[in-house]
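# Coordinates in review
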Amino acid sequence: MPEADALAAADVVDARVAAGADLPLAGRTLAVKDNVDVAGLPTTAGCPSYATHPAGRPGPAARTAPAVQALVDAGAVVLGKTNLDQFATGLVGTRSPYGAVRHATLPERVSGGSSSGSAVAVALGVADVGIGTDTAGSGRVPAAFHGLVGIKTTVGLVPTDGVVPACASYDVVTTFTRDLATGVLATRLMVAAGEPGAGAAADAGAGEAGPGTGAGAQAAGVRRRWPADVRVGLRDVPVVAVPRAEDLAPLSDAWRSAFAAAVARVRAVGARTVEVDVSGMLDAARLLYDGAIVAERYAAVGDFLATGPADADPTVASIILAGAQVPAAAYVRDRLRLDAARAEAARTLDGCDVLLLPTTTEHPTIAAVQADPVGINRRLGTYTNFVNMLDLAAVAVPAGEADGGPFGVTVLARACEDQLALDLAARLLDGVGPDGPDGAGGERGEDRADGRDGADGWDGADGWDGAGVPAAAPLLVPGTVELLVVGAHLRGQPLQGQLADLGARFDRAVTTSDAYRLVALGTVPRKPGLVRVGPGSGAPIAGEVWRVSPGALGTFLAALPAPMTLGRVELADGTWVVGFGCTAEAGESGTDITDAGGWLAALAQGR
């Protein structure tokens, strides 16, 4: 991007802000991987002739990819395009005629790929957000190598229009950021891209209630929607699956030790870990390059590479051109094998909230990759290649050091349960970044931004705040409903688990207006009932607001036992939320405990 154009775009943002526009990314800069369109700039996909040849994408892009345009509309300024492994084929960052992308601070080592340039731009502080793409780990491996946060959503949530496909069924547009909050904000805006009402002021887009379409839907141009009953909060004591020792055999010794420290950190922030057999997932990873799925790469750019461009990377060209020889029957068989692998993965994760894995196996030098370009690249994808094919969401986060450089882990979640992965990532990062998990800044400004502060890579923060509430990421999922609880569903009370099972999300402690009485009911377990009696005729009652998805609220309501009810409740600040009440008959027969000011206070008084 010419400097004058970037400065002119910044002036436009300043003018919009001065005019009162709400631009959540004002003042932030973008580096865009050069397989993603930016209007007025050529899209080379790491192959200059692709931007001029009739079989490629000749000429500058006519429009900006919707995922990037959403960020521009929100006030971000594009600084330019970044280098990559050619045609997004590789995890090393060395497969480009523009030259190998070196690591930001360890120049003898690879940057990771294929979104190499975007990650380095963020790691060096050149850009605030790096836009990458991820088919086999390209949005996660570079994040691990640079101590960054890499968010890869469920396949289909972020539009891939305006992206040169690698494997169209499994491509995802991703973000690299130095903190989790910025990554979630950018991702929320990208998910909203192309939806009715999308733009800088869009919450996170429409489509919060709609059917999932499964991995592979993008090939047919189908956008995915958040399910109506999507889980939007991680339970206080989540069950985190971790691989068996034998599944970690590909790791170098130092990386194995670093992962053990990361698992200990997961337990320290309140989770329970369960060892699971992930060998089936690791086997599925091999289908991306060693099976018939590589035919999708040929379908994407094979006709262009078949013309023999002089600037094609030999390794990339050999991989993609091999896809032309794949029989249709073999492709169908491997898609069926992936269906079976997805079912097996679901069984493996049954009873678990998320899965923790090392992001990759090692951090090789450029020289080592040049000596073994295929073998090392294959190893780097051990824990990433299967993720999109098995329809999982992923968040890569820094987790200390290994072999003299950053080490990272990835939190994986089931399709559309992205928020759960983000929330565990927030707990793991709590206290180790300049802004903390909520991006507020200030409180932890002295901590290292890369999350490395002690011998084991962690600073000892426990992932919980002083009020006993676990750290959580900003909310990615739109359209949630605020639900007020005042009794047995409060934190620490007997029925809180019902909310956890629905994926509810603690939001804040509140009090009602003074229009309510609270009565103790003769139920099992014991519960109070909230009764509206009119302004000034009651007292403020303490409670909690939780967020739930619309479908989860419907499930909750359908199972609600008498004499409990749900209706609109007025809070002390004058807003109204959905909240618990009870029938008039139960309110009249219950024991008045309004003077206690809340259920917990009444229990403490022995009432």
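Here the structure is shown first, and the text comes after it.
Reading the values: the criteria
- Residues numbered from 1 in each chain as written.
- Predicted model: local features only at pLDDT ≥ 70, side-chain atom pairs only at ≥ 80, totals over all residues.
- Heavy atoms only, no water.
- Axes fitted to C-alpha atoms, helices over the stretch in contact; angles between N-to-C directions.
- Helix = DSSP H or I, 4+ residues; strand = E, 2+ residues; numbered from the N terminus.
- Parallel < 35°, antiparallel > 145°, perpendicular 65-115°, else oblique.
- Left-handed = near helix turned anticlockwise from the far one by under 90°.
- Contact = heavy atoms within 4.5 Å.
- Nonpolar A, V, L, I, M, F, W, Y, C, P; charged D, E, K, R; others polar.
- Buried < 20%, exposed > 50% of the residue type's maximum accessible area, 1.4 Å probe, protein only.
- Salt bridge = Lys/Arg side-chain N within 4 Å of Asp/Glu carboxyl O.
- Pairing = 2+ DSSP bridges.
- Expected span 1.5 Å × (residues − 1).
- Polar contact = N/O pair within 3.5 Å; in protein donor to acceptor, adjacent residues only side chain to side chain.

## Comments concerning the packing of helix 9 (residues 295-305) against helix 10 (residues 314-321)
- Between helix 9 and helix 10, the shortest axis-to-axis distance is 9 Å and the interhelical angle comes to 120°. Here helix 9 is positioned oblique relative to helix 10, judged by the angle of their axes. Remark: the crossing between helix 9 and helix 10 carries left-handed chirality. Contacts from Arg297, Tyr298, Val301, Gly302 and Leu305 of helix 9 reach helix 10 at Ala317, Ile320 and Leu321.
- The residue makeup of the contact of helix 9 with helix 10, split by class, is 6 nonpolar, 1 polar and 1 charged.

## Section: the environment of Val101
- Tracing the backbone through its elements, the reader meets Val101 in the loop between strand 2 (77-82) and helix 3 (116-123).
- Taking the relative accessible area as the measure of exposure, Val101 reaches 11% and is therefore buried.
- Considering only alpha carbons, one finds Val101 and Leu84, 17 residues apart in sequence, at a separation of 7.8 Å.

## Comments concerning the pattern of salt bridges
- Enumeration according to the criterion identifies 30 salt bridges in this entry.
- Among the ionic pairs, Asp423 bridges to Arg505, the shortest N-O distance being 2.8 Å. Of the two residues, Asp423 sits in helix 14 (residues 418-429) while Arg505 sits in strand 12 (residues 505-511), which places them 82 residues apart along the sequence.
- Overall, the relative accessible area of 10% leaves Arg505 in the buried class.
- Here the residues in one salt-bridge network are Arg231, Arg235, Asp353, Arg414, Glu417 and Asp501, joined through shared partners.

## Thoughts on the pairing of strand 15 (residues 542-548)
- Within strand 15, 5 of the 7 residues are buried, which leaves it mostly tucked inside the rest of the structure.
- In terms of strand pairing, strand 11 (residues 481-485) meets strand 15 through 5 bridges, oriented antiparallel. When the bridges of strand 15 are listed, Val481 appears paired with Val548.
- Pairing analysis gives 6 bridges linking strand 12 to strand 15, with the strands arranged antiparallel. Bridge pairing in strand 15 links Thr511 to Ala542.

## Description of the pairing of strand 11
- By the bridge criterion, 2 bridges tie strand 11 to strand 17 (residues 576-582) in an arrangement that is parallel. Looking at the pairing, Leu484 lines up with Gly579 of strand 17.

## Overview of helix 1 (residues 3-18)
- Between its first and last C-alpha, helix 1 extends 23 Å over 16 residues, near the 22 Å set by a 1.5 Å rise per residue.
- Note on helix 1: the residue one or two positions beyond its end, Gly20, has a positive phi of about 100°.

## Points about the side chain of Asp236
- Along the chain, the position of Asp236 falls in the loop between helix 5 (180-192) and strand 6 (239-243).
- By relative accessible area, which is 17% here, Asp236 ends up buried.
- Polar contacts involving the side chain of Asp236 include one to the side chain of Gln496, which spans 3.2 Å.

## Quick notes on the environment of Val510
- Relative to the assigned elements, Val510 resides in strand 12.
- The exposure class of Val510 is buried, given its relative accessible area of 13%.
- C-alpha separation for the pair Val510 and Gly543, spaced 33 residues apart in sequence, amounts to 5.4 Å.
- Each residue touching Val510, except ones within four places of it in the same chain, is listed here: Leu484, Ile541, Ala542, Gly543, Glu544, Val545 and Leu571.

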